[in-house]
Amino acid sequence: GAHKQPYCRATSVEEVRQFLKSNPKAVIFAGHTSTGIYGPMWTVGSLEAPPPVVDISRVPQLRSVEKKGNKIVVGASATLEELACFLDGEKAEWAQAMVRHLRMISGFQVRNRATVGGNVWATRVGKGEDGRFPSDVCPMLLALDATVNTEKSTPMSKWFTESPAAGEFLVSVEFEIPAGVFDSHRVALRPRNAKCLMNGAVCGVLDGAKVKSVRLTLGALKVAIVRRLPAVEAALTGKEVKDLVGFPLSAAIEDAITADFKDIELGESRRELASSLVAKFIGRLAVAAGVATTGHPVPEAIHKETKLHTSKITMEPCEDLAPFGTAGELKDRVEEQCGGTAMFCDDMAMKLGQQGRDGMLHAALITAQAMPNSTIKEIKPIPAEWQVETVFLPDFKSPVCKPVFGAETPMMFGVGDKVPFWGAPVGLVMAETMQRARWAADKAAKELVVYDAPAETEKAMVLVQEARAILDGGAELPESYVSTDISGKKGDPEKAFKAAEAKPDDWVIVKGRMVKNGQHHWYMEPNVVFIQVDEGNRLIVQAAAQNQDSVMQHVHKATGVPMCKLESKMRRCGGGFGGKSAAPGPLAGMAAVGAVKTGRSVRFVLPRSVDSAFVGNRERLVSDYTVLVNKKTQLIEAVQFDNLLATGFADSGMGAFSAHSCCGSYYIPNVGVRVRSLKSASQQTAAVRAPGHHEGALLSETMLDHCAH
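Fair warning: this is a prediction, and the values are worked out from it, not measured in the lab.

S.K.: What's the story with unusual backbone geometry in this structure? I'm lost.
M.R.: Most peptide bonds take the trans configuration, and most residues that are not glycine carry a negative phi. Not every positive phi belongs to a glycine, and Asp145 is a case in point at roughly 55 degrees. By secondary structure assignment, the location of Asp145 is in the loop between α7 (137–143) and β6 (147–149). By relative accessible area, Asp145 is classed as partly exposed at 41%. Although it is not a glycine, Asn373 sits at a positive phi angle of roughly 70 degrees. Turning to its location among the elements, Asn373 is positioned in the loop between β16 (360–367) and β17 (375–379).

Shown next as structure tokens:
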């Protein structure tokens, strides 16, 4: 039979205490983003009863974040985003460093649920070493010498070594506003939305150019260990900052790090990473002391176990991406700054020991910067000094990509081809860095591709309102504007309107117009493809795609590699809703050709602007409606729609979808509809969850609201 589960949604701290007194083994949750109620302790179908549960998310005292004198007090169920918003109001550097760090944790949705108390509680020894959480909050709080308040107050330094008592729960965390320098940092697989590999913080007070006192912490060590580094702190205290700064660190500081980790086996790569973070924090103190203006670069630390590269740590502000440096090299983009920003690591695994630093090339699209139906007159050669590889595939026909490019149109467009839409792919550029690839692709698009303007009769529409204005003026639409023109009906709307003319006092005719703009896809992550060349001429394809079959077919046809030698993986989609259904196929085909051509891995990440142009958006719509309403029954007897949809350079099929759903969920006996899909300067519109139904729902509700008023 079903298990009964004691449950309490508390509204006060006292209510929580009373429930825990009666149910000492109860699970406490607020954000519910960690193991949750149904974690390892209980699973669906288990013969054991689920644990009691107390929800503290609605206890006002536990949800607050406030400033009391010189202290910041954070309630246990305050979310990470609530803390970040509060601190954002504090303009001091220490607060902004915390805000930057907090907003590198996971995504916005998670930060709106995950709580400060949950982060702090989940790091306790009492949860067991394998289950503890690599908190990003605790290293910062420990560096700030925070106090954890339950039934008693416990210094953060002792919190991690004491097991929780039965019925104990966390009420708040408080810390004094730092008087000196504060900074934090995290190392992760990506700048955001990734669990940290290592993190840390520093809080120091300077006496001129000397370190008067300092607290330095590191976290995410061996799963979740968070600790201060007392030996390192002692090695820094009282010293001139200028004598400490630099990398490699001095022997005395390295020995101090070793002493602080004598009970933990970090491994070579994590040990190097710990030294890098300590060096970064010393550099931050040097900048604050005025003995350094840019700090000192720290070499790459390689996480050998996962084969992930961290980027260079630097104290310099971001520089402009000038095309060439003094040595003829593209300047490295400065990925890191002084505040608690995330250290970037490549999102996907890569092979080491191949050509270049990691054997991987970054790809970027050369896109058409011309109006639709312009003819590509010439593509000038890319200069050798740009140091990039290129792929041009004008003869390759897209095998399964009708929703994106139309049937049997090129995956790329070459000399003599008409450009179907602004942003259409012309070529692929590959380079050692993403910055160089994108710079070269942008420069090539602007300077190396030459077009002939479209004929007047081939010009596409720009705005759907433009077409409506032409019709309102009594003229017909230019042929070059119309992609498809379809009509349909249910019942006999013409007969219903004609019958109403004989008894005008019994009927009301309502006429109106609804205008709806388009919406771009805005998933969390843009389209991304990663191609690896494996032994035996195999290709390993990783694509954030909703349709892996399309990806495989494009790669197979573009490269000629047999299906049996293709391995397709999908680590995550990062959002989709139709935007990652058809588009990833052509991208994977292009990247795969580049990988086969160079024999190297190719990583292809579309910038948001290119992604939006390449994928297309939901169609823009102008609908004129005429509604016949019975005065006596207040029921709609008949309606006629005249819809204009901007569907991109070719019909996407959305016109027919919208025609079927124009009445929403309402029954109207007589319906007539005409839908004209109009060509515009953009990519074909793409399905966005229930294609056509959103437009139908909006149109029917607008029409009903108009009739009601």
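So that's the structure; there's more coming.
S.K.: What am I meant to see in the sheet that holds β6 here?
M.R.: Here five strands make up an open sheet; going across it, the order is β4-β5-β8-β6-β7 and the pairing antiparallel. At either end of the open sheet lies a strand with only one pairing partner, and these are β4 (65–68) and β7 (153–155). Neighbour-to-neighbour, the strand axes of the sheet open up by a mean angle of 25 degrees, direction not taken into account. In this sheet, strand β8 (residues 172–176) lies alongside strand β5 (residues 71–75) in antiparallel orientation, the contact comprising five bridges. In the sheet register, Lys71 faces β8, and the bridge partner there is Glu176. Helix-sheet contacts for helix α3 (residues 80–88) involve β4 and β5, and the interaxial angle to β4 is about 40 degrees.

S.K.: Looking at this structure, how should I read the nonpolar core?
M.R.: Grouped together as the largest cluster of nonpolar side chains are 39 residues, with contacts concentrated most on Trp94, Leu102, Val120, Met156, Phe175 and Phe182. If you list the elements that add at least two residues to this core, you get β5, α3, α4 (93–102), α6 (116–121), α7, α8 (156–159), β8 and β10 (196–207). Among residues more than four places away in sequence, those in contact with Met156 are Val120, Leu141, Leu142, Ala146, Thr147, Val148 and Val173.

S.K.: Could you clarify how one ought to interpret the pattern of salt bridges in this entry?
M.R.: Close approach of charged atoms allows side chains of opposite charge to pair. The final tally for this structure, using the stated rule, is 30 salt bridges. We note a salt bridge from Glu695 to Arg618, for which the minimum N-O separation is 3.8 Å. Remark: Arg618 occurs in the loop between α18 (608–615) and β27 (620–630) and Glu695 occurs in helix α20 (residues 693–708); sequence separation between them is 77 residues. For the pair formed by Glu695 and Arg618, the shared burial category is buried. With a closest N to O distance of 3.0 Å, Arg676 and Asp642 form a salt bridge. Here Arg676, found in strand β29 (residues 670–678), pairs with Asp642, found in strand β28 (residues 636–646); they are 34 residues apart in sequence, far enough to count as distant. In this structure Arg676 comes out as buried when scored by relative accessible area, which is 5%. In this structure Asp642 comes out as buried when scored by relative accessible area, which is 19%. A single network of salt bridges, built from pairs that share partners, joins Arg468, Asp472, Arg513, Asp624, Asp642 and Arg676.

Calculation notes
- Residue numbers here run from 1 along each chain, matching the order of that chain's written sequence.
- In keeping with the predicted nature of the model, local features appear solely for residues at pLDDT of at least 70, side-chain atom pairs appear and are counted solely at 80 or more, and the whole-chain, interface and lining totals rest on all residues.
- For the side-chain quantities, the full set of heavy atoms in the structure was used; hydrogens and water were omitted.
- Strands here are runs of E lasting at least two residues and helices are runs of H or I lasting at least four, both read from the DSSP assignment and numbered beginning at the N terminus.
- Buried residues are those whose accessible area, probed at 1.4 Å on protein chains only, stays under 20% of the maximum for their type, while exposed residues exceed 50% and partly exposed ones sit between those limits.
- One requirement defines pairing of two strands: DSSP has to find at least two bridges between them.
- Lines fitted to the C-alpha atoms define the axes, with helices restricted to the stretch that makes contact. Angles between their N-to-C directions range from 0 to 180 degrees.
- We call two residues contacting when some pair of their heavy atoms lies within 4.5 Å.
- Only buried residues count toward a nonpolar core, which is a set of Ala, Val, Leu, Ile, Met, Phe, Trp, Tyr and Cys residues joined through side-chain atoms within 4.5 Å.
- Salt bridge criterion: a side-chain nitrogen from Lys or Arg within 4 Å of a carboxyl oxygen from Asp or Glu.

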